[in-house]
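Survey of secondary and tertiary structure
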Amino acid sequence: MNSSQVVCALTIAGSDSGGGAGIQADLKTFAAYRVHGLSAIAALTAQHTRGVTAVHLPDTGFLRAQIDACFDDFRIGAVKLGMLASAEVILAVADALEVHRPAHVVLDPVMVATSGARLLEPAALAALRERLMPMATLVTPNLPEAELLLGHAVTTAPAMREACHGLLAAGARAVLLKGGHLDDGGDVIDLLATSRNAPIEAIRHPRLALEAHGTGCTLASAIAANLALGADLSTACRVASDYVHRALLGGYRPGQADVVVLDHF
Ligand code: PLP
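Fair warning: this is a prediction, and the values are worked out from it, not measured in the lab. Note that residues are indexed from 1 along each chain, following the sequence as it is written. pLDDT decides what is reported in this predicted model: residues at 70 or higher carry local features, side-chain atom pairs at 80 or more are listed and counted, and totals for whole chains, interfaces and linings draw on all residues regardless.

What follows covers the UniProt feature "domain: Pyridoxamine kinase/Phosphomethylpyrimidine kinase" (unreviewed entry) in the chain. UniProt positions are given in the numbering used here, feature names are shortened, and annotations may be inferred rather than shown by experiment. Taking the UniProt record as the reference, the feature "domain: Pyridoxamine kinase/Phosphomethylpyrimidine kinase" (unreviewed entry) is found at residues 16-257. Between the C-alpha atoms that bound residues 16-257 there is a distance of 16 Å. The span itself is 41% helix and 19% strand. In this description a helix means any DSSP run of H or I spanning at least four residues, a strand means any run of E spanning at least two, and both kinds are numbered starting from the N terminus.

Moving on, we come to the nonpolar core. Working definition: the nonpolar core is a set of buried Ala, Val, Leu, Ile, Met, Phe, Trp, Tyr and Cys residues, joined through C-beta atoms within 7 Å. Here a residue counts as buried when 20 or more other C-beta atoms fall within 10 Å of its C-beta, as exposed when 12 or fewer do, and as partly exposed in between; the C-beta atoms come from the backbone. Ranked by size, the top nonpolar core spans 79 residues in total, and within it Ala42, Leu81, Val93, Val106, Ile223 and Ala224 carry the most contacts. When residues in this core are grouped by element, the largest group, 9 residues, is from helix 7 (residues 215-228). Think of it this way: build a C-beta for each residue from its backbone, and any pair within 7 Å is a contact. Excluding anything up to four places from it in sequence, Val106 contacts Ala78, Lys80, Leu81, Ala136, Thr137, Leu138, Thr140, Ala220, Ile223 and Ala224.

Of all residues adjacent to the ligand, which total 19 residues, the nearest are Gly14, Ala21, Gly22, Ala113 and Thr114. Elements with a minimum of two residues in the shell around the ligand: strand 1 (8-16), strand 2 (36-48) and helix 7. Following the grouping adopted for this structure description, the nonpolar residues are Ala, Val, Leu, Ile, Met, Phe, Trp, Tyr, Cys and Pro, the charged ones are Asp, Glu, Lys and Arg, and the polar ones are all others, Gly among them. In the shell around the ligand, the residues fall into 7 nonpolar, 11 polar and 1 charged. Think of it this way: take the backbone, place a C-beta atom on it, and check whether that atom is within 6 Å of the molecule or strand, in which case the residue is near it.

Another aspect to go through is unusual backbone geometry. At Arg34, a residue that is not glycine, the phi angle is positive and equals roughly 55°. As for its placement among the helices and strands, Arg34 is situated in the loop between helix 1 (22-32) and strand 2. We note that Arg101 has phi near 45°; this positive angle belongs to a residue other than glycine. You can see Arg101 is positioned in the loop between helix 3 (87-100) and strand 5 (105-107). Judged by C-beta crowding, with 9 C-beta atoms within 10 Å, Arg101 ranks as exposed.

Here we take up the pairing of strand 3 (residues 51-56). In this sheet, strand 3 lies alongside strand 2 in antiparallel orientation, the contact comprising 5 bridges. The residue of strand 3 that forms the bridge with His48 is Gly51. The criterion for strand pairing is that DSSP finds at least two bridges linking the strands in question.

Structure (structure tokens):
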């Protein structure tokens, strides 16, 4: 295989020392799709299945050096953005993407971990919404993240549709709004909205009764891998959503808490 045939994807995100979420989940996902995974580490977390015990942010000059090194040598088909903990980090990433202009950017607007740990400073929300969201091919908020981006509650299925339109109006180019937090006893329904005039697509899966770690990271990086491989946005979202569902079905519990980590292989 010559180098022009190698498909590469870059994750700019946080490291999870527990190996379930963040950069570690992203690289496992890229590998499962046989996409060469590159990483720029935007945050380091000391973390296990019970929670986050410490966070360290590398200086933005070093973050930029990691991003530039990746773009200077590899043909990057898609970029996945995960935990970008501060306004300073977000602005550094936005500046780098403005220079390198990747074909696809999937923005997982990571804010609070399932364990309750805050992964984004409240003051950074505006930078994420105003600088990064308009650059992204797709933004993939869950409901609490969409509520923070919009500034109002989203608690019903019709409100989810409104929220998609609200995020498009706020500058998103496309939105995959994840419905897992809307527990009405039925299936999990994610909504894909690509323009205010196009119909919203629903992506549905049976709800699994387990507490999982790293699903958001995995979904966004599976979408990025599929976009890098040439899929259109709708196909990438559907294929990635199936991938997460299968990885959850085969998931395992590596730590002391009753938390499932996805099986990528
Ligand atoms: N740690 C890091 C570095 C992350 O990027 C994320 C989510 O994106 C999490 C932890 C939280 O993962 P979860 O909410 O699935 O537990």
